[in-house]
Structures are given as structure tokens and as C-alpha cells.
Amino acid sequence: MILFAKNPSVFGKRVSDLILNNIRTVVTGTQQKKKDSQKKDDKKNVAASLKKKFNLSKIKNLLNNKQTSLSLTKYNVGKVVKLKDGVATIEYLNIAKAGELIRFLPSYIPGMVISLEKKETLAILFGNDREVRVGDRVHCTGNIVSVAVGRGLLGRVVDPLGNPLDRKGSINLDGQPYDDLYRGYYLGEMRYGYIRPVETAAPGIIARKSVRKPLITGINCIDSMVPIGKGQRELIIGDRQIGKTALGIDLIINQAFINETIRHYVQFGGNKEAILNNKNASQEPCYCVYVGVGQKQSTIARIVKILSKSRHLYERRFIKSKVRPVSFKPINYAIIVSSTASDAAPLQFLAPYSGSTIAEFFRDSGSHAVIIYDDLSKQAVAYRQMSLLLRRPPGREAYPGDVFYLHSRLLERAAQLSDKLGGGSLTALPVIETQASDVSAYIATNVISITDGQIFLESELFYQGVRPAINVGLSVSRVGSAAQFKAMKQVAGTLKLELAQYREVVKYVKFGASLDSNTQRQLHRGARLVELLKQPQFNPLDISVQIIFLHLGLGGYLDLEEVDKVSSVQQKCLKFYKNLYKSSKTAISVLEEKGVVDESFKEAFNFDILRYKF
Ligand SMILES: Nc1ncnc2c1ncn2[C@@H]1O[C@H](COP(=O)(O)OP(=O)(O)OP(=O)(O)O)[C@@H](O)[C@H]1O
Ligand SMILES: [Mg+2]
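Everything quoted here is computed from the prediction, not taken from an experiment.

(A) Structural detail: the overall build of the chain. Each helix and strand in the chain was counted, giving 19 helices and 19 strands. Buried residues in the chain amount to 50% of all 614 residues. Nonlocal contacts in the chain, meaning residues at least 24 apart in sequence, comprise 71% of its contacts between residues at least 6 apart. Total accessible area on the chain is roughly 30,400 Å²; 55% of this is exposed by carbon and sulfur atoms.

Written as C-alpha cells, this is what we have:
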């Protein structure tokens with residue numbers, strides 16, 4: 001006030017400025033309001049036009065909806081909130097796919113997404129669950145669980161995720177086992193290896209062809225009475241410790257001999273007469289995959305050792321060739337997928353599927369493959385354990401409801417493909433272990449109904465010394481006889497009947513009944529036939545030799561021999577044909593040239609017996 005009183009002009013100026021400014025703000029304020037309202041109108045117009053154009057309300061809803069991928073991209077890393085016996089409950093893993101491979105961090109243990117629920121994801125661990133803790137991170141890989149497939153797996157032992165378990169270094173998918181002379185073991189079409197999902201769909205009806213080619217196991221009893229065709233599914237069923245695995249190993253060794261004969265011809269032009277002029281020879285190689293499920297580590301080690309033992313084509317016969325064949329290892333024609341009893345249940349569940357995927361590589365490249373699942377009852381047990389932990393409702397014998405589907409989708413993948421798809425084949429030989437020969441158990445009946453026949457092993461026979469202990473009456477092959485070699489079909493036609501009659505008569509002998517001459521003849525012959533069909537382990541027989549043996553028994557040539565002399569007669573016979581194969585005309589050469597058992601074969605056989613008296 002004193003200042004204003006002293007200098008009234010200043011006061012007057014200030015007042016006038018204030019008034020002016022106020023007037024200005026009032027004016028500009030009204031202008032601004034006008035502008036704002038205009039802008040709002042503009043916005044409204046634009047929004048209305050956009051709404052008309054794009055249906056904005058829908059977009060708004062979509063953005064607010066939590067299930068859209070836009071708002072969920074941040075959730076591909078989850079957190080373990082619960083962990084129990086190899087099953088992990090994971091939160092925040094909302095974009096995982098069913099069957100996707102995930103990794104637990106920091107342990108880097110792989111797992112597979114099994115169940116997708118509203119808030120959480122359930123996954124199984126393919127490794128030691130002690131290395132994973134609650135709170136660990138989990139990240140999606142974006143891939144369905146897959147294994148690497150290719151010819152480079154031949155000769156290797158791998159786990160169900162395709163990691164090598166032998167000490168031969170990392171796997172080169174497009175390499176293959178070479179021996180000392182640098183001869184490659186794989187003979188089929190040279191396709192590159194690739195990564196293939198473990199669970200794939202089975203080929204459909206159009207993609208298939210009926211089973212037409214025989215798969216020779218080298219076991220006389222099977223090849224004559226329960227023949228297996230390429231693309232077939234044949235079950236091996238029996239109690240524990242009665243030679244189920246032994247059948248599979250013999251088959252692998254036999255295929256190795258056949259493959260080696262073909263390789264010897266393809267790479268050196270040698271061995272021609274054993275391939276081209278032989279009506280009883282397989283012309284195409286067949287690779288084997290052995291899947292051990294829940295086996296002891298020592299069993300797998302024993303199998304690897306047996307298959308790695310050097311074998312020689314001379315063990316079968318001498319070969320007319322300038323190039324002498326050298327030894328070979330049967331394992332180089334086989335792949336072993338191993339999941340042992342100490343592995344986590346999910347790994348045991350996965351092993352047959354990855355084995356099948358590995359074998360499908362050969363099927364799809366136009367080659368042939370045979371896969372042995374040893375054994376599927378252990379896979380079913382592992383699956384039951386997994387399912388119960390996943391809180392799926394138990395059904396009969398506490399197995400989950402989809403245990404049939406577990407095996408059917410696996411075995412359906414065995415197929416003989418049509419010519420259009422290359423004509424390759426995958427034969428499946430599942431093994432089932434029974435308790436006290438009870439074939440009516442849940443899993444056993446399931447697998448019997450899925451497969452095209454079964455080879456039934458009986459403990460009583462095994463302990464009587466009839467090995468392989470195949471029960472001929474209960475064993476059947478529903479499709480294989482269409483693929484049997486003609487000569488074998490001819491010679492073995494009466495075998496099953498003779499053995500069935502023998503079994504009937506043996507029962508009466510136990511009661512001490514008096515026998516007529518015809519029954520005595522049946523007994524006499526039957527005892528020799530049973531002796532003839534006994535076969536030691538790891539020595540599968542050539543198909544021509546099998547036919548000769550059967551002819552020896554069914555033609556009555558053994559009737560004059562004592563029962564305990566039968567095997568020595570067989571050995572002499574084998575030795576004779578092995579030595580004489582290359583030099584002169586014998587019953588075997590006649591048989592292989594014509595492919596039938598006719599008069600000329602019988603004559604030649606009689607002549608051989610007269611000459612060499614074995
Ligand atoms: N043809 C045979 N001749 C002589 N011995 C045999 C024959 N086949 C199998 N064996 C013997 O029988 C035993 C059991 O064989 P193998 O291991 O193949 O049976 P398995 O049914 O697979 O047993 P597991 O139930 O343990 O898997 C082995 O010691 C084997 O040497
Ligand atoms: Mg076994």
C-alpha cells in the first residue's frame with residue numbers, strides 16, 4: 001500500500017494489466033473450449049466411422065480377453081510349483097502344446113507336456129527328478145518330443161531321446177558303421193537323417209499292401225509252423241525266463257546273416273548263387289531295432305555283447321567267390337534303444353515309441369525293418385504309474401482306460417507299405433510277460449487282440465528241455481502263411497498235425513494204455529520231431545537247411561535212429577551240406593534252384609544219404 005501510495009501510476013498500471021489479462025483468459029478459455037469440443041466431435045466421428053468399418057467392439061473384447069495369444073506371449077516360461085515322482089505341476093506355462101518338449105532350468109532336464117489344465121500344466125520328467133526343485137524355471141522349446149533318425153544309428157545303443165549310451169562318440173546320422181575293410185553296412189536308399197516326432201500317425205489303408213514277403217527268423221519251429229511276414233505284428237508271449245528275449249536275439253542274428261550275404265553280393269559281386277539263383281533267399285536287407293523296456297542294465301549289456309561278437313558267413317556255408325568274406329558284427333545291422341528298470345517311468349513309456357520312430361526311417365526309405373519291443377507289459381506298468389500320478393482315474397487292474405490305445409497306436413505303425421510309397425515294411429514283435437501262463441490277463445488279452453498272431457512259450461516245455469519252448473498248439477500266425485516260401489509250405493504242411501497227434505497220444509501213454517501199431521508209430525515219429533525242432537541259442541538256421549531237417553524228420557529218415565542221436569545226425573547233415581555246397585550238386589542246390597520240394601529234390605536227397613551216410 002505504501003508503495004502504491006508513493007507511486008499511484010504503478011498501481012494503476014498493475015490493475016489495468018490484471019483486468020486485461022483476465023479478459024484475455026476468459027476470451028481464450030471460451031475459444032479453447034470451442035476447439036476442444038470440436039476435437040471431441042471429430043474424434044467421435046472418426047470412432048464412429050471406424051466402428052462402422054472394423055467393428056471395434058469386437059476388437060476391444062478380443063484385447064480384453066485373456067486367452068488371446070497377444071496378451072500371453074510373456075508366459076512361455078513357467079515355474080514348477082509341485083513335483084512328485086517324476087510328474088511336475090507347472091504354473092504360468094500357458095502356451096505349451098500337448099506332447100511338447102520342455103526344459104527344466106537350471107538342471108536342463110527334458111520333460112514332456114502331458115496334461116493342459118485351466119491354471120496349470122502337468123509334465124513328465126525324462127530324467128532324475130531329484131535334480132529339479134520347486135521354483136525351478138521351465139521353458140517351452142516349441143517342438144513336439146522327437147528323436148533323430150537316420151542310418152547312422154545302426155550299430156549304436158541309444159536312450160529313448162536318441163542320446164548315445166555306448167562309448168562310440170556322438171552320432172553322425174548320415175554316417176554308418178564301417179568295418180576294417182571300410183565296407184558300409186547300410187545297403188538301402190541313401191536318405192538323409194532328420195528329426196522325427198516320437199508320436200506319429202500310423203499309415204492309412206491306402207498306404208498299405210498285404211503282407212507278401214517272408215521274414216525268416218532262423219528258428220525252425222517258427223519258420224515252419226508260425227511263419228511271420230514282413231509288415232506283420234506277431235506277439236511273443238510267455239512266463240518269465242523261458243527264452244522270450246532269446247527268440248528276438250536269434251532273429252536279429254539271422255537277419256544279420258541274410259543282410260551280410262546280400263552285402264557280399266552287392267559290394268563284391270560274390271555270393272551270386274546264394275542270392276540270385278536261390279528261390280529261398282531274401283533279396284532285400286532287413287534292419288532290426290531292439291527296444292528294451294524296463295530291462296536290467298546287465299541284460300542290455302549281455303545283448304550288446306552277444307551281438308557284437310564277430311560272426312562269419314562260413315558258419316552257414318562255403319561260398320563260391322573269389323573274394324573271401326571276412327567276419328561281420330550282427331550289431332551293425334541293428335539299433336538298440338534301451339530304457340532300463342532304473343530309468344524314470346516316463347522314459348520307459350517313451351522307449352517303444354522312439355524305437356518305432358527310428359525303425360520307421362527304414363520303412364519310409366523303402367527298406368525293411370523289424371522291431372522287438374521287450375517287453376510291453378513293463379511299458380503298461382510304467383504308463384499306469386504315470387497315469388496314477390497324473391490323477392487319471394484307474395480302471396481294470398488299476399490301469400488307466402486308455403491302456404489299449406497305448407499299445408494299439410504303437411503296433412498300428414507296423415505296416416507293409418504300398419509300391420507307390422516305396423514298398424518298405426516294418427514288422428513288430430511285441431513281447432508280453434505272463435504270470436503262471438495266464439493269457440487271460442488284461443494286458444495280455446489286449447495285445448493278443450491287436451496283433452496278427454502269437455508265439456506262445458510254455459514253461460513246462462522249457463523245463464522239459466524243449467527249447468525254444470514254443471507251444472505249437474496255441475501259437476498261430478494269421479497272415480504269415482501267405483508269405484511263406486513254397487518249399488517250406490510243402491514240407492511243413494503235415495508237421496503241425498503230426499505234432500498235435502503226438503501230444504494227444506502222449507497223454508494216453510501216461511495212463512499205461514496198450515497201444516496199437518498206428519499209435520505207436522505216431523509216438524515214435526512225434527518224439528523224433530520234437531527232438532528235431534530243438535535248437536540251441538544264437539545259432540539260427542538257413543531256411544534251406546531248415547527244409548532239409550524237416551524233410552529228414554517227416555520223410556521218416558530218423559525213424560531208425562535213437563531219439564538222443566537225432567541232434568548228432570542233424571549236426572552231421574549240416575556239416576555235410578556246408579562243405580559240399582560249392583562243389584557238387586546236392587539236395588540243397590536242387591531245392592534252391594527250383595524252390596519246391598519235388599521228386600528231383602527227394603531223389604537228390606536219397607542220393608546224398610546213400611553217398612555220405614549221415
Ligand atoms: N533255445 C535255447 N536253448 C537253450 N537255452 C535257452 C534257449 N533259449 C533261452 N535259453 C536260456 O533261457 C534263459 C532265459 O532266456 P531269456 O533271457 O531269453 O528269457 P526271457 O523270457 O526273456 O526272460 P525274462 O523274463 O527275464 O525277460 C537264458 O539263460 C537262456 O540262456
Ligand atoms: Mg527277456
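(B) Region of the structure containing the pairing of strand β18 (residues 453-456). Of the two faces of β18, both are covered, the one formed by Gly453 and Ile455 as well as the one formed by Gln454 and Phe456. Bridge count for strand β12 (residues 235-238) against β18 is 3 bridges, and the pairing is parallel. Counterpart to Leu235 in the pairing with β18 is Gln454.

(C) Broad picture of the site of ligand 1. Close contacts around ligand 1 come from 14 residues, with Gln241, Lys244, Thr245, Ala246 and Gln537 the closest. The contact in question runs from an oxygen atom of ligand 1 to an N or O atom on the side chain of Gln537, over 2.7 Å. For ligand 1, whose free accessible area comes to 620 Å², the fraction covered by protein is 76%. Partitioned by chemical class, the residues of the shell around ligand 1 number 4 nonpolar, 5 polar and 5 charged.

(D) Representation of the pattern of salt bridges. Evaluated as defined, the whole model comprises 26 salt bridges. Glu412 is paired through a salt bridge with Arg208; the nearest N and O atoms lie 3.7 Å apart. You can see Glu412 sitting in the loop between α10 (403-411) and β16 (415-416) and its partner Arg208 sitting in the loop between β9 (194-197) and β10 (214-215), a full 204 residues away along the chain. Assessed through its relative accessible area of 34%, Glu412 is described here as partly exposed. The shortest N-O distance in the salt bridge between Lys209 and Asp419 comes to 2.8 Å. You can see Lys209 sitting in the loop between β9 and β10 and its partner Asp419 sitting in the loop between β16 and β17 (425-433), a full 210 residues away along the chain.

(E) Layout of the side chain of Thr357. With respect to the element layout, Thr357 can be found in helix α8 (residues 345-364). Within the structure, Thr357 has its side chain in polar contact with the backbone oxygen of Tyr353 (distance 2.9 Å). If sequence neighbours within four positions are ignored, Thr357 has contacts with Val147, Val149, Arg196, Pro197, Val198 and Arg413.

(F) Structural detail: the environment of Lys209. The partly exposed category is assigned to Lys209, whose relative accessible area is 32%. In the structure, Lys209 is positioned 22 residues away from Gly231 in sequence and 9.1 Å away in space, judged by C-alpha atoms. Among all residues touching Lys209, those that are not within four sequence positions of it are Gln416, Leu417, Ser418 and Asp419. A polar atom in the side chain of Lys209 sits 2.8 Å from the side chain of Asp419.

(G) Summary view of the packing of aromatic side chains. For the coordinates displayed, the defined rule picks out 15 aromatic pairs. Between Tyr186 and Tyr287, the aromatic rings sit 5.2 Å apart at their centres with planes inclined by 35°, giving tilted as the arrangement. With a gap of 101 residues between them, Tyr186 in the loop between β8 (157-158) and β9 and Tyr287 in strand β13 (residues 286-295) connect regions that are remote in the sequence. Considered together, Tyr186 and Tyr287 belong to a single accessibility category, that of buried residues. Ring pairs connect the aromatic residues Tyr185, Tyr186, Tyr194, Tyr287, Tyr333, Phe361 and Phe362, which therefore count as one cluster. The ring of Tyr108 carries the charged tip of Arg103 above its face, separated from the ring centre by 4.4 Å.

(H) The pairing of strand β2 (residues 87-91), seen in detail. Extensive coverage of β2 is indicated by the burial of 4 of its 5 residues. In this structure, strand β1 (residues 77-84) lies alongside β2, joined through 5 bridges in antiparallel fashion. Residue pairing for β2: Lys84 is matched across the bridge by Val87. Two successive antiparallel strands, β1 and β2, enclose a turn made up of 2 residues, where Asp85 displays a positive phi of approximately 45°.

Procedures and definitions
- Residues numbered from 1 in each chain as written.
- Chains lettered and ligands numbered in written order.
- Predicted model: local features only at pLDDT ≥ 70, side-chain atom pairs only at ≥ 80, totals over all residues.
- Heavy atoms only, no water.
- Helix = DSSP H or I, 4+ residues; strand = E, 2+ residues; numbered from the N terminus.
- Buried < 20%, exposed > 50% of the residue type's maximum accessible area, 1.4 Å probe, protein only.
- Contact = heavy atoms within 4.5 Å.
- Areas by Shrake-Rupley, 256 points an atom, 1.4 Å probe, with all protein chains shown as cover.
- Pairing = 2+ DSSP bridges.
- Near = heavy atom within 4 Å.
- Polar contact = N/O pair within 3.5 Å; in protein donor to acceptor, adjacent residues only side chain to side chain.
- Nonpolar A, V, L, I, M, F, W, Y, C, P; charged D, E, K, R; others polar.
- Salt bridge = Lys/Arg side-chain N within 4 Å of Asp/Glu carboxyl O.
- Phe/Tyr/Trp six-rings, centres within 6.5 Å; stacked < 30°, edge-to-face > 60°.
- Lys NZ or Arg CZ within 6 Å of the ring centre and 35° of its normal.

Treat this as a map of the structure, not an account of what it does.
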